[in-house]
Structure formats: structure tokens, C-alpha cells
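An overview of the molecular structure
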Amino acid sequence: MRTTVGIIGGGPAGLLLARLLHRTGIDCVVLESRTRAYVEQRQRAGMLEQGTVDALRECGAADRLGAEGLTHHGIELRFDRERHRIDFPALTGGRTVTIYAQTEIVKDLVALQLAEGPPLLFEAEAIAVEKPESDSPVVRFLHEGREQTLSCAYVVGCDGSHGIAHDAFPAGASRTYAHDYPYSWLGILADVPPSCEELIYARGPGGFALHSMRSPSVSRLYVQVPNGTDADDWPDERIWDELDERFAIDGDWRLERGLITAKSVTPMRSYVHEPMSHGRLFLAGDAAHIVPPTGAKGLNLAVSDVRVLAHCFAEFHRTGSTRLLDRYSELCLNRVWQATRFSYDMTRMLHVHPGGDAFDSRIQLARLRRITASRHAAAELAANYTGLPLAL
Ligand code: FAD
Ligand code: DHB
């Protein structure tokens, strides 16, 4: 098989890139190792920056997002039994965010791609990228019980944090930066209307908790748990009791309980792979960087990478010049590091550090008090949360 751009991975990054390239007239093929049902049901992100919504809208993939997405104008911070609202439009000159699940974005993009192209192969597992420095790199993959090859002009690894594309960087051609956090998130989906209109980020006595949502009848909640936690050790009542304690305020508010339909534990890690390209191989999304989920940057960064990359490919297609493609990594990395810093700061400010002492707690509270007392500090949080501009 032969194509111009071989894309490994049919998550949000790979699917959106395929859509953008297709609309520019650049042919590509997407190889996805899992089944369609699996990728459409993998519970993950839900908070979209305005730029992410704009990108989906511009490529004709936002019909359902427009009808079902929930526009949010702020978030609430809770600590010391107090609640404080951060008003995004007032602090950013009108920016908002949208709640719409990653599962739904993937469903929308898969449906469009299967209807309009380009080719999308499920259960097609890439096993190696060969000759990334040459004019014709090759992806070797397993599909329909045999090994096959995809010859490309360019290869893009959108294969997430456990993918194989980054293995094709020769030793010494790249460097990784990583940080592991000493806690994880236990996330649940519950059949109960959200107990809030906007997301709540809480620093409670026992640690962090987040109240998010998927729809007017489905809540999504997360609670900080120790690394190595087994979700089975958290019966439903224990989760609700812990959430109750972490969201508690002086005043009138109640967390509604409902049937928990999904439960999973996510460890937290920051990771950046530099540079994000080598020869004719590019990395985008979680294949190039991961952030802890606090602040909801992962999916949004994946989208901003592929917007930049699609723009670089479009210039190449139009003019034959690789001027922008050669700068892809540089064009992405500042924004990647800003999101890495923001996610790190939000995580450190809101989680109770195991083994931390009273001094650590006081510093966290001082950070939170600064944000809620200073318009300048709140505006800085709002600018990062709603999304920094692209370098293009
Ligand atoms: P992925 O979604 O990981 O997709 C990679 C794809 O490649 C997968 O489909 C995989 O099956 C496929 N693949 C892997 N290896 C191969 C191979 N060898 N061959 C072929 N295919 C392969 N981000 C936000 O922005 N907002 C949020 O609110 C948010 N909340 C989150 C909450 C949780 C609990 C978690 C875990 C993450 C959250 N994130 C959030 C992060 C977000 O989900 C990821 O950053 C996003 O999925 C990245 O998209 P991607 O396409 O780069 O990678
Ligand atoms: C969601 C996840 C996040 O990590 C976050 O910061 C906000 C929302 C969510 O899944 O809805």
C-alpha cells in the first residue's frame, strides 16, 4: 500500500489530522490497532478549549458538538470550605470552554472518515517505522493476520503514549523529559444530573476532587487516590463519601449520588519528547507529550499539534516548500511546555502530597488565595485554561 502521509493511530490526533489533510487534498491512510468499538468507548477527556471547538467546526466535524456540547463560562475553585468562581469571559476578553466527551469527538470523526475517506483501517497495528531519514519511509503493520507495508512520503505518529513511532528516532537524535506524580485519579461516570453548573476543582482535606459532567443527566467525577490503587477496593459508597468530604463547603450545597456506570484509575505523568520530528517522521499528541489531567490540556494539545502540522503540510502541498514542515517541532514546543507547566502547577496546587507537611499545605493555600484575590493571577489561570494561542 502507498500513500502521501501515513498516520499511525486513530485517536483524536490521528483522526483530526486525516480530516484536515483530506480537506486540503493531501491523501493519507490511518492505521489503528484497536477495534472501532474500543476507540469509540474509551472514556477520557471532556473539556475542550475554544480553539479545539473552532478546529472541529472548521473541518465540518462539529454538528453534534454544536447541538450537544455544553458551553461553560467559568470554573469554581474550592478549598478551606469556601467556593470561588473564576469568570473566563470577564478575564480573557470573552473566551469560553465546551464540555463534550472525547468519545463523542472520536465517534464523529470516525463516522465522517468512513463515509468520506481517507482510508481508516481498524485492527491494523503498526510494528515499526523504517527509514525515516529517507524520501520514502515505510510503516510495517499487522492486519488481517499478516504483515503488510505502507510506503509513504511522510509518517506521522499519533499513536499515543504507548505507541511505537518514537522508537524510530535513532539513539542520540532525541531527548525525553519526564516527571511522575505520587498520586493517581480514580474517575467515575454516574447516571445522575451534575450537582453544579460549572466544573469544580476542589482541594479537600483528603486531597483533590473534580466534578465534571458529560450531559445534563450524566456526571463525571474524579478523586485523588494513592498510586497503585485498585478501583475494586473503592465500593461506590466509599467514593461518594470521599467526594462529599472533599467538596464540603460552609453553606448550602449538596452532591447528588447516582448509579456509577464506570470506574477507572489513571496514574499521572508529565513527559515531553524533543524534538517532535526526525527526517520525514513527525509525532503529534500523546505520542510526543503527556500531561497530568488537572487542567484538561492533553486532548487540546493533541488538537493544536495537528492544526499546526496540517498547516505545514498545506503549505508544502501548495508551494512545494518544506520551510514550515522543517519548523514543526519548534512551532509546537513552546505551547507544549506552557501547557506542561500549567498542568504541573494546577496539579501541585490542588493535590495533597503524600508525606507533605503543614508548610506544603500553607504554600498551596497561599497560591489558591492569590488566584482568588488578584484579578491578575485569576486572569493568568483563565488564559491558560481556555487555551494559549497557536504559534501560527
Ligand atoms: P490517544 O487518544 O492515546 O490515541 C492514540 C491511538 O493510537 C489509540 O487509538 C491507540 O489505540 C492507537 N495506537 C497505539 N499504538 C498503535 C500502533 N502501534 N499501531 C496503530 N495504532 C496504535 N485531555 C483534555 O484535553 N481534556 C480533558 O478533559 C482530559 N481529561 C482526561 C481525563 C483522563 C482520565 C485521561 C486519562 C486523559 C484526559 N485527557 C484530557 C487527555 C486526553 O485523553 C489525551 O491527551 C488524548 O487522548 C490524546 O489523543 P491522541 O490522539 O494523541 O492519543
Ligand atoms: C475533565 C477532565 C479533566 O482532567 C479536567 O481538568 C476537566 C474535565 C472531564 O473529563 O470532563
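An unreviewed UniProt entry lists the protein chain under the name 4-hydroxybenzoate 3-monooxygenase, from Streptomyces dengpaensis.

Given a rise of 1.5 Å per residue, 13 residues ought to cover 18 Å, and the 18 Å separating the end C-alpha atoms of helix 1 (residues 12-24) matches this to within 8%. With respect to burial, helix 1 is a largely interior element, ten of its 13 residues being buried. Here helix 1 has its buried residues at Pro12, Ala13, Gly14, Leu15, Leu16, Leu17, Ala18, Arg19, Leu20 and Leu21. Just downstream of helix 1, Gly25 is the residue with a positive phi angle, here 90 degrees.

On to the packing of helix 3 (residues 50-58) against helix 8 (residues 298-319), then. Relative orientation and spacing of two packed helices are given, respectively, by the angle between their axes and the distance between those axes. One way to put it is that helix 3 packs onto helix 8 with a least axis distance of 9 Å and a crossing angle of 50 degrees. Between helix 3 and helix 8, the crossing angle belongs to the class labelled oblique. As helix 3 runs across helix 8, the sense of the crossing is left-handed. Taking contact as the criterion, the partners of Gly51, Thr52 and Ala55 in helix 3 are, on helix 8, Asn300, Val303, Ser304 and Arg307. For the contact of helix 3 with helix 8, the residue count by class is two nonpolar, four polar and one charged.

This brings us to the confidence of the model for the protein chain. For the protein chain, per-residue confidence averages 97 on the pLDDT scale, and residues scoring 70 or more make up 100% of the total. As scored by the predictor, the complex reaches a pTM of 0.96 and an ipTM of 0.96.

What follows deals with the site of ligand 1. Inspection of the region around ligand 1 gives 36 residues, with Gly9, Gly11, Gly160, Gly285 and Gly298 positioned closest. Secondary-structure elements contributing two or more residues to the shell around ligand 1 are helix 1, strand 9 (125-130), strand 12 (175-191) and helix 8. The class makeup of the residues in the shell around ligand 1 is 15 nonpolar, 14 polar and seven charged.

What follows deals with the site of ligand 2. Taken together, Ala45, Gly46, Met47, Leu199, Leu210, Ser212, Arg220, Pro293, Thr294, Gly295 and Ala296 form the complete shell of residues around ligand 2. Taken together, the residues of the shell around ligand 2 break down into six nonpolar, four polar and one charged.

A general trend in soluble globular proteins is that nonpolar side chains are found buried together. Judged by nonpolar contacts, the single largest core of 109 residues is most densely connected at Ile7, Leu17, Val156, Ala284, Val306 and Leu309. Here this core gets eleven residues from one element, more than from any other, and that element is helix 8.

Moving on, we come to the sheet that holds strand 7 (residues 97-99). On the basis of which strands lie adjacent, the open sheet formed by three strands has the order 3-7-4 and antiparallel pairing. Only two strands of the sheet have a single partner each, and these edge strands are strand 3 (47-48) and strand 4 (70-72). Bridge count between strand 3 and strand 7: two bridges; the pairing is antiparallel. Residue pairing across strands places Met47 opposite Ile99, the latter belonging to strand 7.

What follows concerns the sheet that holds strand 12. One open sheet holds the eight strands; their spatial order is 6-5-13-14-15-12-16-19, and the pairing between them is mixed. Of all the strands in the sheet, the pair left with one neighbour each is strand 6 (82-87) and strand 19 (289-290). Inspection of the sheet shows strand 16 (residues 259-274) paired to strand 19 by two bridges, in the antiparallel sense. The partner of Val272 across the bridge, within strand 19, is His289. The strands that helix 9 (residues 328-350) touches are strand 12, strand 13 (199-204), strand 14 (207-215), strand 16 and strand 19; relative to strand 16, the one it contacts most, it runs at about 130 degrees.

Rules behind the numbers
Residues numbered from 1 in each chain as written. Chains lettered and ligands numbered in written order. Predicted model: local features only at pLDDT ≥ 70, side-chain atom pairs only at ≥ 80, totals over all residues. Helix = DSSP H or I, 4+ residues; strand = E, 2+ residues; numbered from the N terminus. Expected span 1.5 Å × (residues − 1). Buried ≥ 20, exposed ≤ 12 C-beta atoms within 10 Å, placed from the backbone. Axes fitted to C-alpha atoms, helices over the stretch in contact; angles between N-to-C directions. Parallel < 35°, antiparallel > 145°, perpendicular 65-115°, else oblique. Left-handed = near helix turned anticlockwise from the far one by under 90°. Contact = placed C-beta atoms within 7 Å. Nonpolar A, V, L, I, M, F, W, Y, C, P; charged D, E, K, R; others polar. pLDDT = per-residue confidence, 0-100. Near = placed C-beta within 6 Å. Core = buried A, V, L, I, M, F, W, Y, C linked by C-beta atoms within 7 Å. Pairing = 2+ DSSP bridges.

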